[in-house]
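So you can see what is in the structure, the chains are spelled out below.
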Amino acid sequence: MASPGDATLDTSHVGKNKVPARYWLELQKEGKDEAEVGKDAEPSRKRLRRKEKKKEKMKEKKTQKAKKMKQEDTLVKQTISGKSDPFPGPAPISQDRVRKFKRKTKTKRSGSVGNKLRDVISRSEEASEMAQKQSARFDLLLPEDAGFLEGDEDEDTCTISQEDIADAVDITSGAKYFNLKLSQFGPYRVDYSKTGRHLLLGGRRGHVACVDWQSKQLMCEINVMESVNDVKWLHSEAMYAVAQKKWLYIYDTNGIELHCIRKFNDVLRMQFLPYHFLLATASATSFLQYLDVSVGKEVAAICTKTGRLDVMCQNPHNAIVHLGHHNGTVTLWSPNQKEALVKMLCHQGGVRSIAVDKTGTYMVTSGMDKKLKVFDIRTFKPLNSYFLPAGSSCLSLSQKGLLSAATGDVVQVYRDVWSTTVTKPYMAHRVRGTVWGLHFCPFEDVLGVGHGDGFTSMLVPGAGEPNFDGLDANPYRSAKQRQEWEVKALLEKIQPELISLDPHELGQVDNAAFEQRHQDRVQALGFDPLAKAKFIPKYKKKGRSSAGSVERRKKQVAHEDQRDVIRETMEDKMKIEEERRQREKKAAVLSGQKSALDRFKK
């Protein structure tokens, strides 16, 4: 039995005092245990994180188009009140409006196209589709539309006079109908600037005038003291060209003579190509000449060998010049060739006037045989032919496809001359002298008529394009904007070498010319630079590029090339053998047939 003293020695007072339990101490202990367990679970967590990152990357790689489609299908727009949107997704667009802004057709992808090129093509097509849809949506922001004249029941619109139209419209539009009595120096040639803001008049007896016809402000007025054959605005309203009796002159808006170009003599008609900065002239000496007004040099001089050239027109679509001749033919010319691109027999008599629409699709001609004909330039075939009692001396086409034809002192306007057969004119007006010049004003429902008694500005509802492009031809631009536009146009000037009958050929590859140049190059070099390069084995490490292994790889590639050659030769031999067998079969069949002459054989 233990004594009480021993008990006291064994049990010390230090061991008797227990530390009180605290809750934070218990939490620390639990955290340590979890950390020890987490050390074993770290590899599995890392794997999970890697898998999650891979999934996120796969989701990010989805295309924007797929995301948009998914959003349109799954997401439902909600309003502030919490109700679902009854019309989710973007607003629908009519296919007719989308087709109006179609830019190009989808490219056909061959199997040999690489992945990188395929991605570039797909992205460009997506961008083109998006731009097409955006243009169709923004078309709603162009509320202006061409409005045509409509009469009452059993009323022809051609019987409505210009005075009645001017009284019925607003004051601003009514002021666009006016007459200038200039009987002393007539008849007059007429030309409007590209913006439609300024008017240029050239009288046969030497009178030349520049007018801001909307504000009726006279810019300059001169008399050149000799006969004037034609007048034409250049790239802006700051300069214009006058074809006088002997030479070609350039003036500014103050009437100051800038240039006298003696190389261009006896000029009868002129046309200005705005995107090429070329002034094309047709002379009485049968010469068609091109002048680059940006540098003042003659680009081309072509002798057409067709006599006097007094009928001239340009195709706004491809900058081809159309000339009419006394033998009833119309020829198409480019400054790149000395011969006519196309010769068309249009009339039985001489050609009096030509007009081409802005799309470059239709051409309208009038001749001495008193016929008015409409041609499709794409096929060079006639579409419609109309008989006019006295023939037409002047023709002009508006931006919306209205055709004006002058017969003596009567001006008639026709509508839809190429889509339907026209039986009566859309409008008619009689002036005080024989008409010498016709021109529709751009972006306005106005037709300018130059005649023997002066000038008349007619109102023709639906003639002009209601929506203009402010970056190309802005009727309301300031002097500073005109200067900036002029610099930009000079930087974007198209070279005359690019003028062709089909402008889309510029984006195509001329395979025949490439093959010819390649053959010339092979003959000059003595070898084919585009031939298959000699196989050079790639250097490999770890002793795999020894002389023996490199030689084996070379032989293997050589054997593969030899197999291809042998395969091709065998296929050619089999084709030749098959053709020989077929010929023998045909000969056997023909020899087996009995002829009526066999009875005379011995």
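The rules behind each value
Residues numbered from 1 in each chain as written. Predicted model: local features only at pLDDT ≥ 70, side-chain atom pairs only at ≥ 80, totals over all residues. Heavy atoms only, no water. UniProt positions renumbered as here; feature names shortened; annotations may be inferred. Helix = DSSP H or I, 4+ residues; strand = E, 2+ residues; numbered from the N terminus. Contact = heavy atoms within 4.5 Å. Areas by Shrake-Rupley, 256 points an atom, 1.4 Å probe, with all protein chains shown as cover. Pairing = 2+ DSSP bridges. Axes fitted to C-alpha atoms, helices over the stretch in contact; angles between N-to-C directions. Salt bridge = Lys/Arg side-chain N within 4 Å of Asp/Glu carboxyl O. Buried < 20%, exposed > 50% of the residue type's maximum accessible area, 1.4 Å probe, protein only. 1 Å grid on protein atoms, 1.4 Å probe; cavity = no way out; pocket = protein on both sides within 12 Å on 5 of 7 lines; lining within 4 Å. Points joined across faces, edges and corners; volume = space filled by probe spheres on them. Nonpolar A, V, L, I, M, F, W, Y, C, P; charged D, E, K, R; others polar. Core = buried A, V, L, I, M, F, W, Y, C linked by side-chain atoms within 4.5 Å. Patch = residues over 30% accessible without salt bridge, like charges linked within 9 Å, V, L, I, M, F, W, Y side chains within 5 Å.

The protein chain appears in an unreviewed UniProt entry as WD repeat-containing protein 46 from Labrus bergylta. Its UniProt record gives the protein chain the following Subcellular location (unreviewed entry) comment, quoted word for word: "Nucleus, Nucleolus". Entered under Subunit (unreviewed entry) in the UniProt record, the comment concerning the protein chain runs "Part of the small subunit (SSU) processome, composed of more than 70 proteins and the RNA chaperone small nucleolar RNA (snoRNA) U3. Interacts with DDX21, NCL, NOP2 and EBNA1BP2."

Bringing the overall build of the protein chain into the picture now. Along its length, the protein chain carries 11 helices and 28 strands. Within the protein chain, contacts between residues separated by at least 24 positions form 44% of all contacts whose residues are at least 6 apart in sequence. When the accessible surface of the protein chain is split by element, carbon and sulfur atoms take 53% of a total near 39,900 Å².

Read from one edge to the other, the open sheet built from 4 strands follows the order β22-β23-β24-β25, with strand pairing classed as antiparallel. Across the chains shown, the open sheet's two edge strands, defined by having one partner strand only, are β22 (394-397) and β25 (427-430). Each neighbouring strand pair of the sheet contributes to a mean axis angle of 15°, computed without reference to strand direction. Of the strand pairs in this sheet, strand β24 (residues 410-414) and β25 are connected by 4 bridges, and their pairing is antiparallel. In the strand pairing of β25, Val410 is matched with Arg430.

Across all of its chains, the model carries 18 salt bridges by this definition. Measuring nitrogen to oxygen at the nearest pair gives 2.7 Å for the salt bridge that ties Lys424 to Asp156. Note that Lys424 is positioned in the loop between β24 and β25 and Asp156 in the loop between α6 (115-138) and α7 (162-168), a separation of 268 residues in sequence. In this structure, Asp472 and Lys194 form a salt bridge, with 3.1 Å as the shortest nitrogen-oxygen distance. Of this pair, Asp472 sits in the loop between β28 (454-459) and α9 (479-491) while Lys194 is found in the loop between β2 (188-192) and β3 (198-203), placing the two residues 278 residues apart along the sequence. Assessed through its relative accessible area of 23%, Asp472 is described here as partly exposed. Here the salt bridges share partners, and the residues they tie into one network are Glu577, Arg580, Arg581 and Glu584.

Across the junction of Gly186 and Pro187, the peptide omega takes the value 0°, indicating a cis bond. The residue Met225 is not glycine, and still its phi comes out positive at about 65°. With respect to the element layout, Met225 can be found in the loop between β5 (217-223) and β6 (228-233). Positive phi is not limited to glycine here, since Lys305 has a value of about 60°. With respect to the helices and strands, Lys305 occurs in the loop between β13 (297-303) and β14 (311-314). Take Lys305: its relative accessible area is 71%, and that puts it in the exposed class.

The subject of this paragraph is empty space enclosed by the protein. Counted by the stated rule, this structure contains 1 cavity of 30 Å³ or more. Quantified by volume, the largest cavity comes out at close to 30 Å³. Ser193, Lys194, Thr195, His235, Ser236, Glu237, Arg477 and Trp485 together form the lining of the largest cavity. When the residues that make up the lining of the largest cavity are grouped by side-chain class, the tally is 1 nonpolar, 4 polar and 3 charged.

Pairing of strand β4 (residues 207-212) with β5 involves 6 bridges; the strand directions are antiparallel. Across the sheet, Asp212 pairs through a bridge with Gln217, a residue of β5. In this structure, the hairpin formed by β4 and β5 is closed by a connection of 4 residues, where Lys216 is found at a positive phi of approximately 60°.

Further remarks concern the nonpolar core. Formed by 32 residues in total, the largest nonpolar core has its most connected members in Tyr192, Leu438, Leu447, Val449 and Val460. For this core, the secondary-structure elements that each account for two or more residues are α7, β2, β3, β24, β26 (435-440), β27 (446-451) and β28. The contacts of Leu447, once residues within four sequence positions are left out, are Tyr192, Ser404, Val411, Val413, Leu438, His439, Phe440, Thr456, Ser457, Met458 and Val460. With 30 residues, the next largest nonpolar core counts Leu278, Val321, Leu323 and Leu332 among its residues.

On the surface, Tyr275, Ile494, Leu498 and Leu506 cluster together into a nonpolar patch covering about 360 Å² of accessible area. As for its placement among the helices and strands, Ile494 is situated in the loop between α9 and α10 (511-525). Its relative accessible area of 30% is what places Ile494 among the partly exposed residues.

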